Amino acid sequence: MKKAIISGAGGFIGSALTRLLLRDGVEVLALGKRDEREVNPLRLPQDPKLTYLKLDMKEIESLPKLLKELKWEAKDSVFYHFAWGGKNGLSDLIVEDQYANVLYSINAFKVANELKCKKFIHVGTMEEAFVAPYLELDYHKEKHYNRHVIYAQAKKATRDFLKAISKTLDTELIIATKSHVIGPNDSRDSFLLVVLQKIINGEKIEMTSGEQRFDAIFVTDCVKAFKIIGEKGNKNREYWIGSGNPRPLKEYIERIAKLYPPKEPIEFGKLSYSDVMLDEEVFSPKLLNEELNFKCETSFEEAINSLYKWLKFKEIEEYL
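Residues numbered from 1 in each chain as written. Predicted model: local features only at pLDDT ≥ 70, side-chain atom pairs only at ≥ 80, totals over all residues. Heavy atoms only, no water.

What follows deals with helix α7 (residues 219–232). Taking 1.5 Å per residue, 14 residues should reach 20 Å; α7 reaches 20 Å between its end C-alpha atoms and fits that length. Burial in α7 covers these residues: Val219, Thr220, Asp221, Cys222, Val223, Ala225, Phe226, Lys227, Ile228, Ile229 and Gly230. (Helix = DSSP H or I, 4+ residues; strand = E, 2+ residues; numbered from the N terminus. Expected span 1.5 Å × (residues − 1). Buried < 20%, exposed > 50% of the residue type's maximum accessible area, 1.4 Å probe, protein only.)

Attention shifts here to helix α3 (residues 95–114). Over its 20 residues, α3 extends 29 Å from the first C-alpha to the last, a length consistent with the 28 Å expected when each residue adds 1.5 Å. Restricting attention to buried positions, one finds in α3 the residues Asp97, Gln98, Asn101, Val102, Ser105, Ile106, Asn107, Ala108, Phe109, Val111, Ala112 and Asn113. If you follow the buried residues of α3, they end up packed against α2 (63–70), β4 (78–81), β5 (119–125), α5 (149–166) and β6 (172–178). Downstream of α3 by a residue or two, Lys116 has a phi angle that is positive, lying close to 65°. (Contact = heavy atoms within 4.5 Å.)

Extensive coverage of strand β2 (residues 27–32) is indicated by the burial of 5 of its 6 residues. Since strand β1 (residues 3–7) and β2 lie parallel, the crossover through helix α1 (residues 12–23) that links them has a hand, and here it is right-handed. (Right-handed = clockwise from strand over helix to strand, strands pointing away.)

We now examine the nonpolar core. Ranked by internal contacts, the top residues of the largest apolar core, which has 71 residues, are Tyr80, Leu192, Phe226 and Ile229. Ignoring any residue separated from it by four or fewer positions in sequence, one finds Leu192 in contact with His180, Ile182, Phe214, Ala216, Leu249, Tyr252, Ile253, Ile256 and Phe300. (Core = buried A, V, L, I, M, F, W, Y, C linked by side-chain atoms within 4.5 Å.)

In structure tokens form, the structure reads like this:
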């Protein structure tokens, strides 16, 4: 891979992938919705191989014209599509905003094809795994609830639309779905990060029984997987990027508490849990492991240590 286009390049994972590719000599076109001066330099540092372009995804169809003006040749590049947004956060419950992302993603794939990109890698989310069992529920009887379900349904719809139109385009479609990603320089309100922050602040932690199955990976492992998918991933594949060893959520919390004991015991079961349960097979990275010979290498403890240093001291190790 000599060139890459990354939408959502200013985000936690998109920026980490950008830095990895730059380090390995790949020329990157980073697409973001903010002015370049507003982008965190710890995420997107100055680099001669980096071109930053402010572009809202609703304007993605203007990209070919803009690249012509920039004289940035996109032919045979890999297009990584991370960009996704909502007015009240990534996974808010505003249906109109979530489904606008579906159209933006379809248009991004078409634009990648117009630019003659070699591959279009659409980034899926672990929350999509909840959609199928949710749609099978009898809501006259069930009371399950997951705040990510509207976001996940829009993500799944995007996946289905992209697969439906892929046969009409020359650019190869690959879908890469990631488990929960943790690491420094993360500004999301993800559950494990919030728990660790509460421990640092000495706050009480109340949660469910934690019996639901979960999987977490370090950001470095995640972006290394994206890189190898961009280099060697095969057309029409759907890869899962995960640890290969999912566990009940309670075990993850207990391992965090062992590393950094909280001021007060964590109250498991204090909050009720009403959600679908996922099978272990859902989180399987078997195709990624066997076809591309990639496995995550960072332990959960190492990942949490790195996240702790960031939250406590705003310290970022050169982890890529």
